[in-house]
Amino acid sequence: MVNSYFADEKNESGIDNVEVSGLERFNPEDRLYDDKGNEKVMETAKDFATVLVSLDDDPTLPIHTFRMWFLGIGLAVFGSVLGMLFQFRPQVISVSALFLQLLAYMLGKVLEVTIPSPGSRFHKANWFWNFMNPGPFNIKEHVAAQIMASTAVGTALACLVFASDDLFYNITVNSGNAIFTLLASQLLGYGIAGIFRSFLVYPTTMLYPRNLIYVNLFDVLHRSKGELLRSKRLSFFWIVVGAVFVYEWFPEYIAPLLGSFNIVCLAVRNSDWVTNVFGGSEANEGMGLLSFGLDWANITSAPFYKPLTTQISTYVGWAINYIILPLVYYRNVWHSKNFPFISQNLFFENGTIYDQTLILNPDFSLNRTAFEIVGQPWQSGSIVIRHLGINLSIGEYHITGVFNRYTSSLRGKLVNDPHYSKMRVTLSIIFTVPLWWYSSIAIGGMLPWQSVISLVDRYFSPSALPWWALILALLFSIIILPFYGAMNAIFAWIPNMTSLFQIIAAALIPGSSQANMYFELYSSRSLTQAAAMLSDLKLGQYTKLPPRVTFIVQIVGTVVGALLNYVIMQTIVDNERSILLSNKGTRIWSGRQIQTFNADAVLWGALGKEIYGPNGPYFIVPLGIVIGLELPVIPWLIYQKYGWKWLRYVNTAILASNIGTLAGGTNGYINTWMAIGLTSHFYIRKYRAGWFRKYNYLFGAGIDGGAQIFVFIFSFALAGAGGVTVPFPEWALNPAGNADYCKVAGS
């Protein structure tokens, strides 16, 4: 059951016959006010796409300039380094595209005034000087540079494979093979993205809510020159950026208690139970019940752009955690009391860390004799519930509506979207990217793998993934992408398909953790990269950036980012090895991402039948996909009986995906996240519609900008990313142990 202010629109699929000339009759001002002159509340995807996004375009603006390429490549290098560093933080966060957007603008304006401009005596008005500085730094240069940079910050999943091999298998993957694997896994997804453009990019209903924040900021920075409103909005944005940057020094460094304040922890400081349920200031501490923290680096801009249906579904999923995780632990389900309440490691039944190398052959397949002697690995009960929640969500996708829209696009119907129509008018012949471009990327991604891997694997690579499994991995990605991409485009929610791919790999190539990791790499990464390209194509559609430019800058950003990801990953693994292998880590560094990735590969790859089969302890996990098929009926029945209106906003797939999400990271901020999200998308959107339109998304942009500028400076100056760690002295708001005064588990 699902409804939202734009998820369940009638006749809003965006797929219909339309005459381009009809664009001239479209006036977004007509959608702003009702008959009484009051500003309308935005409800549908068309409202958001036409009221918040400008139709203005100047097709003569230069794009391929020195400034665009210099900023795009420079920020791609910067962002890829920062993005990989963030993967090793206790609370894994991504580098915000807003942060890169902000940096690109500031540096672009600097280059605008420092490089001789048209009219100056140094500018000769020839091709060289027009390339160096054609005039004011324009919106299309800015968008292209941001897309190139933001593409690079998406962490290459192959680096997690290499880190896992190094930390848990004592394997250092040959550099040449690593580079081929990196590029192939990063680029293959782009090859399949082109198939679904007419369905997942062009229609209005494919809104991509997160892009609205970027577009709002682009408009403020580049459009409506001289208007009083633009000046006010720009001032508002910079004030938020500055205030957040200054404030973040307190919850992240000077006074960590501000990041997770809990009255129960302050009152009861010697209880493991209180820590498990109420603690939330440190990684893997607890679930954060009743905690309130104002750490914008953790909160991010998400509550400002995620649709109301996504937020309410998330809140219900979080609430279920508070019931089911303690029940599993304190009833000792799966021997949970033998292990930490929250941990991503594998354990022997007695609670000590499991040594997976004891049960693997030299080729990393399962040694059954050794397995019988050593015994099976176990996980903390909270992590098992996390995997169950993911599989429940996979079984609950609302496939029918997505399938109907996709088949409509295949029938060749044109798209009734004003931005798409505007681009067709202004860009004409150079509008689309030929399908053979995408095919070339896909083939190019596979050829190195096929030709080199067969030779190199024999001597240097542990992948153990046969060629036919690679083909199947890509086919599964192609089949799943329409549903995966639609959930991202409509709900700003990216489904977690990892478990499904691991189940498939375990069935196809049983007994090999390495093959399982590499199958997941090529299937999962192809899917996420395809979705990323589609999102950027939509951003280009909103800002009228030619799709061919979007395509080119994405490829360049991806290659640059992948190579830098590899260098930084190897540096961190070499320098922080003991911390990455520990259960808890530190406030600065954590190996939970790698630990989770490795544990899943061992359990599904080497031990799939023994652990997740009908006679295994965790059979409920794969069974979750089947159970998930029936779960949407439950809220529908409750709604029919009690008529609770809020149930119309519940998407059971999103709800289920959040069951178990509190089993990791820091959770002391989620109640604040909830309060902000409801205030933004329920109260302000409905009762302060004008403020919501002008400032809501800009507020989110300012928060991400200020917080991520702080994180970058702090990480390198004081937090150890530059090689030196400078702890802040202990005091009342920066206590020893857990920052919220909850008992340190096991002490």
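Residues numbered from 1 in each chain as written. Predicted model: local features only at pLDDT ≥ 70, side-chain atom pairs only at ≥ 80, totals over all residues. Heavy atoms only, no water.

A. Representation of the pattern of salt bridges. Evaluated as defined, the whole model comprises five salt bridges. For R368, the salt bridge identified is with E610, shortest N-O distance 2.3 Å. One end of the pair, R368, is in helix 17 (residues 368-374); the other, E610, is in helix 28 (residues 608-612), with 242 residues separating them in the sequence. (Salt bridge = Lys/Arg side-chain N within 4 Å of Asp/Glu carboxyl O. Helix = DSSP H or I, 4+ residues; strand = E, 2+ residues; numbered from the N terminus.)

B. Inspection of the nonpolar core at higher detail. Of all hydrophobic cores here, the largest spans 215 residues; its most connected members are F162, L200, L481, Y522 and M569. Setting aside residues up to four positions removed in sequence, L200 forms contacts with M206, Y208, L481, P482, G485, A486 and L534. (Core = buried A, V, L, I, M, F, W, Y, C linked by side-chain atoms within 4.5 Å. Buried < 20%, exposed > 50% of the residue type's maximum accessible area, 1.4 Å probe, protein only. Contact = heavy atoms within 4.5 Å.)

C. Quick peek at unusual backbone geometry. The phi dihedral of N284 is positive, around 60°, even though this residue is not glycine. Tracing the chain through its elements places N284 in the loop between helix 13 (272-278) and helix 14 (296-299).

D. Looking closely at a nonpolar patch on the surface. On the surface, a nonpolar cluster with roughly 400 Å² of combined accessible area is contributed by F619, L623, V626, I627 and L629. Note that L629 resides in the loop between helix 29 (620-628) and helix 30 (633-642). (Patch = residues over 30% accessible without salt bridge, like charges linked within 9 Å, V, L, I, M, F, W, Y side chains within 5 Å. Areas by Shrake-Rupley, 256 points an atom, 1.4 Å probe, with all protein chains shown as cover.)

E. Up close: the packing of helix 2 (residues 66-86) against helix 5 (residues 139-153). Running from N to C, helix 2 and helix 5 cross one another at 25°; their axes reach a closest spacing of 7 Å. Relative to helix 5, helix 2 is oriented roughly parallel. Of the two elements, helix 2 crosses helix 5, and the hand of that crossing is right-handed. Here helix 2 contributes R67, M68, W69, L71, G72, I73, L75, A76, G79, S80 and G83 to the contact with helix 5, which in turn contributes E141, A144, A145, M148, A149, A152 and V153. Residues that form the contact of helix 2 with helix 5 fall into these classes: 12 nonpolar, four polar and two charged. (Axes fitted to C-alpha atoms, helices over the stretch in contact; angles between N-to-C directions. Parallel < 35°, antiparallel > 145°, perpendicular 65-115°, else oblique. Left-handed = near helix turned anticlockwise from the far one by under 90°. Nonpolar A, V, L, I, M, F, W, Y, C, P; charged D, E, K, R; others polar.)

F. Here's a closer look at the state of the cysteines. Under the definition given, this model contains one disulfide. In this model, C265 is linked to C742 through a disulfide, with the two sulfur atoms separated by 1.8 Å. Between C265 and C742 the sulfur-sulfur dihedral comes to about -60°; the bridge is accordingly left-handed. One end of the pair, C265, is in helix 12 (residues 263-267); the other, C742, is in the segment after helix 33 (689-717), with 477 residues separating them in the sequence. Each of the two residues, C265 as well as C742, counts as buried. (Disulfide = S-S within 2.5 Å.)

G. Structural detail: the environment of V274. Within the secondary structure, V274 is located in helix 13. By relative accessible area, V274 is classed as buried at 4%. Each C-alpha atom, one on V274 and one on G288, is 9.7 Å from the other, the two residues being 14 residues apart in sequence. Those residues within four positions of V274 in sequence are excluded, and the remaining contacts are V264, C265, V268, G279 and C742.

H. Seen up close, the packing of helix 18 (residues 381-394) against helix 23 (residues 498-508). With their axes 8 Å apart at the nearest point, helix 18 and helix 23 run at an angle of 90° to one another. Classified by the interaxial angle, the pair formed by helix 18 and helix 23 is roughly perpendicular. Mapping the contact onto sequence places H387, I390, N391 and I394 in helix 18 and S499, L500 and I503 in helix 23. Taken together, the residues that form the contact of helix 18 with helix 23 break down as four nonpolar, three polar and no charged.

I. Representation of the packing of aromatic side chains within the structure. All told, the structure shown has 36 aromatic pairs when counted by the stated rule. Between the aromatic rings of F304 and F699, the centroid separation amounts to 5.1 Å while the plane-to-plane angle is 55°, which identifies the pairing as tilted. With F304 in helix 15 (residues 302-305) and F699 in helix 33, this pair connects stretches of sequence that are 395 residues apart. Overall, F699 belongs to the partly exposed group, its relative accessible area being 25%. Among the aromatic residues, ring-to-ring pairing joins F245, W249, Y253, F710, F714 and F728 into one connected group. Over the ring of Y642 we find K641; its NZ or CZ atom is 5.5 Å from the centre of that ring. (Phe/Tyr/Trp six-rings, centres within 6.5 Å; stacked < 30°, edge-to-face > 60°. Lys NZ or Arg CZ within 6 Å of the ring centre and 35° of its normal.)

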